Structure formats: C-alpha cells, structure tokens
Amino acid sequence: MGCGKNPQRRWILDADLTAAFDKIDHDHLLTKLGSFPGNGMIRGWLKAGVFEKGKGFAPTDEGTPQGGVISPCLLNIALHGLEEAAGVRYEASDPARTKRGCPALVVYADDMVALCHTRQQAEQVKARMAEWLAPRGLSFNDAKTRIVTLEDGFDFLGFTVRRHAGKLITRPSKAAVKRVKHRLAAEMRALRGGNAAAVLAKINPIVRGWANYYRGAASSRTFAALDRHLWQLTYKWACYSHANKPKPWIVSRYYGRFNPTSQDRWVFGNRDNGGAYLPKLGWTKIVRHSLVLGAASPDDPALTDYWAQRRGKNRPLLDRSVLILLAKQNSRCPLCRDLLLHADHEPSSPTEWEQWHRVTRKAITKQYVTTQRDTGTAGGTRLVHSHCQRRATSAQKEPAHLYA
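Bear in mind that the values here come from a model prediction, so they are computed numbers and not experimental data. (Residues numbered from 1 in each chain as written. Predicted model: local features only at pLDDT ≥ 70, side-chain atom pairs only at ≥ 80, totals over all residues. Heavy atoms only, no water.)

## A few points about the confidence of the model for the protein chain
Of the residues in the protein chain, 78% reach a pLDDT of 70 or more, and the chain-wide mean stands at 81. Within the protein chain, no element has a lower average pLDDT than strand β13 (residues 369–373), which sits at 53, and none a higher one than helix α9 (residues 220–241), at 96. Confidence drops under pLDDT 50 across residues 395–404; counting only partners more than four residues distant or on other chains, this segment forms 20 contacts. (pLDDT = per-residue confidence, 0-100. Helix = DSSP H or I, 4+ residues; strand = E, 2+ residues; numbered from the N terminus. Contact = heavy atoms within 4.5 Å.)

Right under this line is the structure:
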C-alpha cells in the first residue's frame, strides 16, 4: 500500500459509518445468518430491548449494542460482501493479490479505507459502497468521510499513515497520543494518597499495553515524548505525596537504577517491594509488522501453527527472565504440557493489550504460574502451574514468587 518509489494507489477514501452498531437492519442480518444454528438465539438478543436509567424499557427494532461482546462479529456479518461491491477483485493465480487497476479495501468494524488509483475512482467506490450499505440500514458519516492523497495522510485504528519524502510512514496518531496522555494524567491524579505499589499496579499495564500495540510503527520519538510526560507525572505525584520533604529526598526514594539492564538512574520504582519499577516506553524494541498471508484467519483451525509462529515473533513485554523461561519451554508447563499463559488471539488494541498484561500479572502474582527448582537443567529453574506443582510434590515449602 503506497510503498515503493512510484505507488499506484495514491488516493484514499477514508470512510466512517454513521452509528453503525445502532443502525444495523435486523431482518437483513438474520437473513445473512441463514440456517446458522445460533440464529434463534441471536434473534432473541437483537429483539430483547434495553433498560435505560430514568427512561425505563425501550424496544430494540434495529441495531446491536455498541460495546457488546458479539456486536463486532455481527457487524462483520452485516458488512460481508462490501469488498465485492466496492469493486475489489483478486488474481485467480494468487488470491492474496488484487488485480491491476482495481481498488483495495481495508475494513475494521465501522472504520474502513479504500485505496484507489485516482480521485475519480475513489468517488465511484464511495458511491457504489453507499448504494450497497443503504438496504442494510447503514450510511457514511459525511463529516468524517473524506478523500485524500497518501501525501496528506489519514488516521486508521490509532495510527497515522502518510507518505513523506518517498517513504510510507506509519506513526501513532496525534489523537491516540492525546488520549493516552489524558488517561495517564487522570489515573495519576486518582492515585494521590496511594503508595508506589498502587501506582505501579495501575500504570504498568497501561504503559506496557500501549507500547506493545504501537511497537510495529515508527514510534521511537513518540515513546520518548511519553516517557518525559510520565516522568513529569510521577515526579508531581511524589512531590504531592511528600509535600514536606526536600526534593533530593524524593528523588532518592522513588528514582534510581531499578532496571538492571539499563544505566538510567531516573527510573520510577518502589524500594519497599523488591525493586519493582515502571518500564519506559523507549526501552521497547521496534518490530516491524509483517503482513498476514492472504485471507488467513486466526479462527481457522488449519492455520493454528501459522498464527502461533506469528505470535512467537512478537514477544510480549514481560520480564526478561520470564520471557527466557517461556521461550525455553515453548510457553508450556513441563508437568501437564498445557499453555502457561493463554493467548490464542493476539490483542488488537491498546486496551486489549492492557487487559492482557493485567491478567498475566495476576496469573503470576496470584501464583497460578510459579517457578520450580529443576535439577535436571543447567539453569535450575522452570515455570509451572501452581496446581501442577502442588500435585507433583509433597514439600511444604511455598513456591517462589516471580513478582513481589
């Protein structure tokens, strides 16, 4: 897409649907489902109605609840066939490659971009898509739908994609950076009166999740700017917590070389809890995103090995010692051979990455996953499920914590 010295698709239809989840036509959606075994249950969900505070019961004659677990799936079903309507065609010899001269379409829920060769083609694609969406109860949001060039750039899924000086650059969008800064500031204000352990428990998953999501883009400068913002927030929190203490005392208490692999002495940490610290986004290695092959779906059982291999290349931001042990054991418990940390689908947003890190940390700190001394290996340590550990040994000694 727009790569190389002379890209063919330079015009972008950056489209957004108006209240997509609220306007899905039930009859059309149920017709699409056909004889699917869950058709009756889904019909019941769609027609169940909602209770609104202060308004009482309201029937649901159209749409699906935004934020509902199944709503994105239902929207994908409703939009099935949009590619063909937009004029996208694929080579018979290579189903992953679009034919010359036709547009390309990328859709994620109610956000979509069509990559076109000319402005005229972009306008034609918009007209064809609008005509196809109308019977389904959907329409474009004219205020957010626009036609731009690659040189102008566009935002998609929290990224800004723009061609500059002959290169296609993908960066975190300004709106995404503004959102995370506002979130961090609000969380730090709410943590006033708490201790350093509470700050780390709340902020660490946000930082790790955001870094994981954006590490596939040109994010180094953004990460550095967010690190400066985080330092200001933590220093302000520390000064508020110890208003009567001198600044050198505050610095020596909360900052230091907590990370043994870094010489940075301005790392925020907790000296009372085994040296736990707040990771810096700038420590995150940028790993370029590799394209998914053709129409490969993570839900296809035949492609389980392919998706497992992709996930193995993008390691999550866990402690180095934990990552090493996970890699040695292929992420499996040596006692039961089951997965230690379940992640069948890689998170697809900063919020999902944040939730993943919270669940992972909980699994470790609650000792669902723990360490076990292994005399049969050179390292002498391995990761096991705590319930497997209890079944396998009658020793009374408590297993060691991975995190304090």
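## Points about unusual backbone geometry
Look at alanine 109: it is not a glycine, yet its phi comes out positive at around 55°. If you trace the backbone, alanine 109 turns up in the loop between β4 (104–108) and β5 (111–116). Here leucine 157, not a glycine, exhibits a phi torsion of approximately 55°, which is positive. Examined against the element boundaries, leucine 157 turns out to sit in the loop between β7 (154–156) and β8 (159–164). The exposure class of leucine 157 is partly exposed, given its relative accessible area of 30%. (Buried < 20%, exposed > 50% of the residue type's maximum accessible area, 1.4 Å probe, protein only.)

## Focus: the environment of glutamate 151
Within the secondary structure, glutamate 151 sits in the loop between β6 (146–149) and β7. Between the C-alpha atom of glutamate 151 and that of arginine 10, which follows or precedes it by 141 residues, the distance is 8.1 Å. Separated by 2.7 Å, the side chains of glutamate 151 and arginine 10 make a polar contact. (Polar contact = N/O pair within 3.5 Å; in protein donor to acceptor, adjacent residues only side chain to side chain.)

## Considerations on α9
With 22 residues, α9 ought to run about 32 Å at 1.5 Å a step, and its terminal C-alpha atoms sit 31 Å apart, in line with that. Those residues of α9 that fall on the buried side of the exposure criterion are Thr222, Phe223, Leu226, Asp227, His229, Leu230, Leu233, Thr234, Tyr235, Trp237, Ala238 and Cys239. Here the buried face of α9 lies against β9 (167–172), α7 (174–190), α8 (196–214), α10 (247–254), β10 (255–256) and β11 (267–270). (Expected span 1.5 Å × (residues − 1).)

## A short note on the pairing of strand β1 (residues 11–16)
In terms of residue burial, β1 counts as a mostly covered element, since five of its six residues are buried. Looking at chain direction, β1 and β5 are connected through six bridges and run antiparallel. Looking at β5, one finds that tryptophan 11 is bridged to cysteine 116. One ladder, built from four bridges, connects β1 with β6; its direction is antiparallel. Considered in β6, the bridge of aspartate 14 is made with arginine 146. (Pairing = 2+ DSSP bridges.)

## Concerning the sheet that holds β7
Spatially, β7-β8-β9 is the arrangement adopted by the three strands of the open sheet, whose pairing is antiparallel. Of all the strands in the sheet, the pair left with one neighbour each is β7 and β9. Going from strand to strand, the sheet's axes swing by 30° on average, the running direction of each strand aside. As defined by bridge partners, β8 adjoins β9 across six bridges and the pair is classed as antiparallel. (Axes fitted to C-alpha atoms, helices over the stretch in contact; angles between N-to-C directions.)

## Notes on the packing of aromatic side chains
For the structure on display, the rule yields 15 aromatic pairs. Pairing tyrosine 213 with tyrosine 214 gives two aromatic rings, centres 4.8 Å apart and planes at 85°, and the pair type is edge-to-face. Ring centres 5.8 Å apart and planes at 55° place the aromatic pair tyrosine 255 and tryptophan 266 in the tilted group. Linking tyrosine 255 in strand β10 with tryptophan 266 in the loop between β10 and β11, this pair joins segments that are 11 residues apart in sequence. Given the relative accessible area of 4%, tyrosine 255 is considered buried. The exposure class assigned to tryptophan 266 is partly exposed, which follows from its relative accessible area of 30%. Across from the ring centre of tyrosine 240, 4.5 Å away, lies the NZ or CZ of arginine 192, which sits over that ring. (Phe/Tyr/Trp six-rings, centres within 6.5 Å; stacked < 30°, edge-to-face > 60°. Lys NZ or Arg CZ within 6 Å of the ring centre and 35° of its normal.)

## Structural notes on the sheet that holds β11
Here three strands make up an open sheet; going across it, the order is β10-β11-β12 and the pairing antiparallel. Across the chains shown, the open sheet's two edge strands, defined by having one partner strand only, are β10 and β12 (276–277). With two bridges joining them, β11 and β12 adopt antiparallel strand pairing. By the bridge assignment, asparagine 270 is partnered in β12 with alanine 276. Set on the sheet, α8 makes contact with β11 and β12; between it and β11 the angle comes to about 125°.

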